[in-house]
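Examining the three-dimensional arrangement
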Amino acid sequence: MPKISKIAVLTSGGDAPGMNACIRAVVRTAIHHGLEVYGIRQGYQGMINNDMEQMQARSVSNILNLGGTILKTARCLDFHKDEGMEKAYQNLKAKGIEGIVVIGGDGTFTGALRFSKKYPDIKVIGVPGTIDNDLYGSTYTLGFDTATNTVIEAIDKIRDTADAHDRLFFIEVMGRDSGAIALRAGISCGAEAILLPEKETAIEELIAGIKAGHYNSKSSSIVIVAEGDKNGGVYNVSEAVKKEVSHYDIKVTILGHLQRGGSPSAFDRVLGSRLGFAAVNALTAGQSQKMVGLQANVVVLTDLEEALNQHEFNLEPDLLQMAEVLSI
Ligand code: ATP
């Protein structure tokens, strides 16, 4: 097998805390193997625009603790087109780059797989970097732990005011297709109800639960609504409940983009380091079209094709059931 000598790394799609830890690990592991390593700015856009430069061990000093991504990220429509991919390929070839580590979510992997099938002489390894925790093949994705902790911190503060005023808060958290943050945050904050994209909850059922809580002397209630809940959004849900529930002052809070930011947790720093290290080791071992992920605390490789095609219910049903039992 011919030895690979130049690789590149990029971050793409939504940013996630821990991406910097991963970039650092990719750069330093590559240098450890004697490879040249390039950082590509703005995801696939940088590949098309030839916006990349060689990185050294010191290029990634003091970034472990930073949220966001030092390489920047972007959503790049040109990469969907053949001409965009061809330009990106020519830019990589001109630099002699033979392998890339792409850190991102399912869109990023879809692009990487298409690219690598079209140009198999460029090897690709994906690192699951998304706060949504929605990729098959890794129990945890990079950024999910930090984002959930950020949500918990915010909800704890909201609980104080909810309790002081007998308020019912509807709190929207990120997750258009994934209820992972909503479920973990709901359990961690003792939410009275958790509405998820993966499971329909009838408004009547929600109202009955809130009324039961009041009957059981609850002085505050927190309902967590994931962005992708099927009841038409957090305002719709709160309006529907308002018509039937008069004993609480009802408020809505949308946590929004603060959920993406902040210094990564210890978990995400370690995960980013492990996955970045494993991604480069996979490239040097001749692997391609694979995702590195964590399963049972062991780093494993999954075919990108498989990671993208498995759409089974990602949430643990037992956690959901437990959350309901514990919220009485
Ligand atoms: P997140 O889960 O945080 O949204 P993501 O990686 O899924 O992250 P997307 O915006 O869906 O984010 O995808 C990132 C980029 O991947 C896109 O902007 C585009 O450049 C590329 N991409 C996505 N789908 C394709 C595709 N079918 N063909 C080529 N490139 C694609």
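Residues numbered from 1 in each chain as written. Predicted model: local features only at pLDDT ≥ 70, side-chain atom pairs only at ≥ 80, totals over all residues. Heavy atoms only, no water.

1. Some details on a negative patch on the surface
The grouping of Asp 156, Asp 160, Asp 163 and Asp 166 at the surface amounts to a negative patch. Along the chain, Asp 166 falls in the loop between helix H5 (144–165) and strand S6 (167–173). (Patch = residues over 30% accessible without salt bridge, like charges linked within 9 Å, V, L, I, M, F, W, Y side chains within 5 Å. Areas by Shrake-Rupley, 256 points an atom, 1.4 Å probe, with all protein chains shown as cover. Salt bridge = Lys/Arg side-chain N within 4 Å of Asp/Glu carboxyl O. Lys, Arg positive; Asp, Glu negative; His and termini not counted. Charge placed at Lys NZ, Arg CZ, Asp CG, Glu CD. Helix = DSSP H or I, 4+ residues; strand = E, 2+ residues; numbered from the N terminus.)

2. Describing the domain arrangement of the protein chain
Taken as a whole, the protein chain is organised into domain 1 (6–143 + 264–309) and domain 2 (145–260). Distance from the C-alpha centre of domain 1 to the C-alpha centre of domain 2: 34 Å. Tallying the contact residues gives 14 residues for domain 1 and 12 residues for domain 2. Both faces considered, domain 1 and domain 2 share a buried interface measuring about 1000 Å² in area, 49% of it formed by carbon and sulfur atoms. Area buried by domain 1 at its contact with domain 2 is led by Asp 15, Ile 131 and Asp 132, which between them contribute 44% of it. (Domains from an automatic or database assignment. Contact = heavy atoms within 4.5 Å. Buried area = accessible area lost by both parts, 1.4 Å probe.)

3. With respect to helix H7 (residues 203–215)
The end-to-end C-alpha separation of H7 is 18 Å, in line with the 18 Å expected for 13 residues at 1.5 Å each. Restricting attention to buried positions, one finds in H7 the residues Ile 203, Leu 206, Ile 207, Ile 210 and Gly 213. All buried residues of H7 lie within an arc of 120° about the axis, which places them on one face of the element. Residues of H7 that are exposed and point over 90 degrees away from its buried face: Glu 204 and Tyr 215. Looking at the buried residues of H7, the elements they touch are S6, strand S7 (193–195), strand S8 (221–226) and helix H8 (234–242). Positive backbone phi, approximately 70°, marks Ser 217, located one or two places after H7. (Expected span 1.5 Å × (residues − 1). Buried < 20%, exposed > 50% of the residue type's maximum accessible area, 1.4 Å probe, protein only. Arc of directions from axis to C-beta.)

4. Overview of the side chain of Thr 150
Checked against the element boundaries, Thr 150 lands in helix H5. In this structure Thr 150 comes out as buried when scored by relative accessible area, which is 18%.

5. Focus on the environment of Leu 301
Here Leu 301 is to be found in strand S11 (residues 298–303). A relative accessible area of 36% places Leu 301 in the partly exposed class. Between the C-alpha atoms of Leu 301 and Ile 125, which are 176 residues apart in sequence, the distance is 9.2 Å. Residues in contact with Leu 301, not counting those within four places in the same chain, are Ala 282, Gln 287, Lys 290, Met 291 and Val 292.

6. Considering the sheet that holds strand S4 (residues 99–104)
Spatial strand order, S3-S2-S1-S4-S5-S10-S11: 7 strands in an open sheet with mixed pairing. At either end of the open sheet lies a strand with only one pairing partner, and these are strand S3 (52–55) and S11. The sheet shows a mean angle of 30° between the axes of neighbouring strands, taken without regard to direction. On the sheet, helix H4 (residues 106–118) packs against S4, strand S5 (123–128) and strand S10 (290–295) and is oriented at approximately 160° with respect to S4. Contacts between helix H9 (residues 266–284) and the sheet are confined to strand S1 (6–11), S4, S5, S10 and S11, with S5 contributing the most and set at about 165° to the helix. (Pairing = 2+ DSSP bridges. Axes fitted to C-alpha atoms, helices over the stretch in contact; angles between N-to-C directions.)

7. Overview of the site of the ligand
Lining the immediate surroundings of the ligand are 17 residues, of which Arg 75, Cys 76, Asp 106, Gly 107 and Thr 108 lie closest. The side chain of Arg 75 places a nitrogen or oxygen atom 2.5 Å from an oxygen atom of the ligand. For the ligand, an oxygen atom lies 2.6 Å from a polar atom in the backbone of Cys 76. Taking 630 Å² as the accessible area of the ligand by itself, protein coverage stands at 85%. For the shell around the ligand, the element with the highest residue contribution is H4, accounting for 6 residues. (Near = heavy atom within 4 Å. Polar contact = N/O pair within 3.5 Å; in protein donor to acceptor, adjacent residues only side chain to side chain.)

8. Some remarks on the layout of surface pockets
What the largest pocket holds in volume is close to 1100 Å³. Taken together, 45 residues make up the lining of the largest pocket; nearest its centre are Gly 105, Asp 106, Gly 107, Asp 132 and Asp 134. For the lining of the largest pocket, the secondary structure elements donating two or more residues are H4 and helix H10 (304–309). Top contributing element to the lining of the largest pocket by residue count: H4, with 6 residues. Looking at the lining of the largest pocket residue by residue, the class counts come to 14 nonpolar, 19 polar and 12 charged. Both of domain 1 (6–143 + 264–309) and domain 2 (145–260) provide at least three residues apiece to the lining of the largest pocket. Considered as a void within the structure, the second largest pocket measures approximately 380 Å³ in volume. Around the second largest pocket sit 20 residues that line it, and Glu 192, Ala 193, Gly 209, Glu 324 and Ser 327 are the ones nearest its centre. Where the lining of the second largest pocket is concerned, the elements lending two or more residues are S7, H7 and helix H11 (317–326). (1 Å grid on protein atoms, 1.4 Å probe; cavity = no way out; pocket = protein on both sides within 12 Å on 5 of 7 lines; lining within 4 Å. Points joined across faces, edges and corners; volume = space filled by probe spheres on them. Nonpolar A, V, L, I, M, F, W, Y, C, P; charged D, E, K, R; others polar.)

9. Points about the packing of aromatic side chains
Applying the stated criterion across every chain, the model contains 6 aromatic pairs. Seen in terms of ring centroids, Tyr 44 and Phe 79 are 3.9 Å apart; in terms of plane orientation they differ by 5°. Their pairing is stacked. Taken together, the residues span a long stretch of sequence, with Tyr 44 in helix H2 (residues 43–49) and Phe 79 in the loop between S3 and helix H3 (82–95) at a distance of 35 residues. Overall, the relative accessible area of 5% leaves Tyr 44 in the buried class. Ring-pair connections join several aromatic residues into one group, and the members of that group are Tyr 44, Phe 79, Tyr 89, Phe 115 and Tyr 119. (Phe/Tyr/Trp six-rings, centres within 6.5 Å; stacked < 30°, edge-to-face > 60°.)

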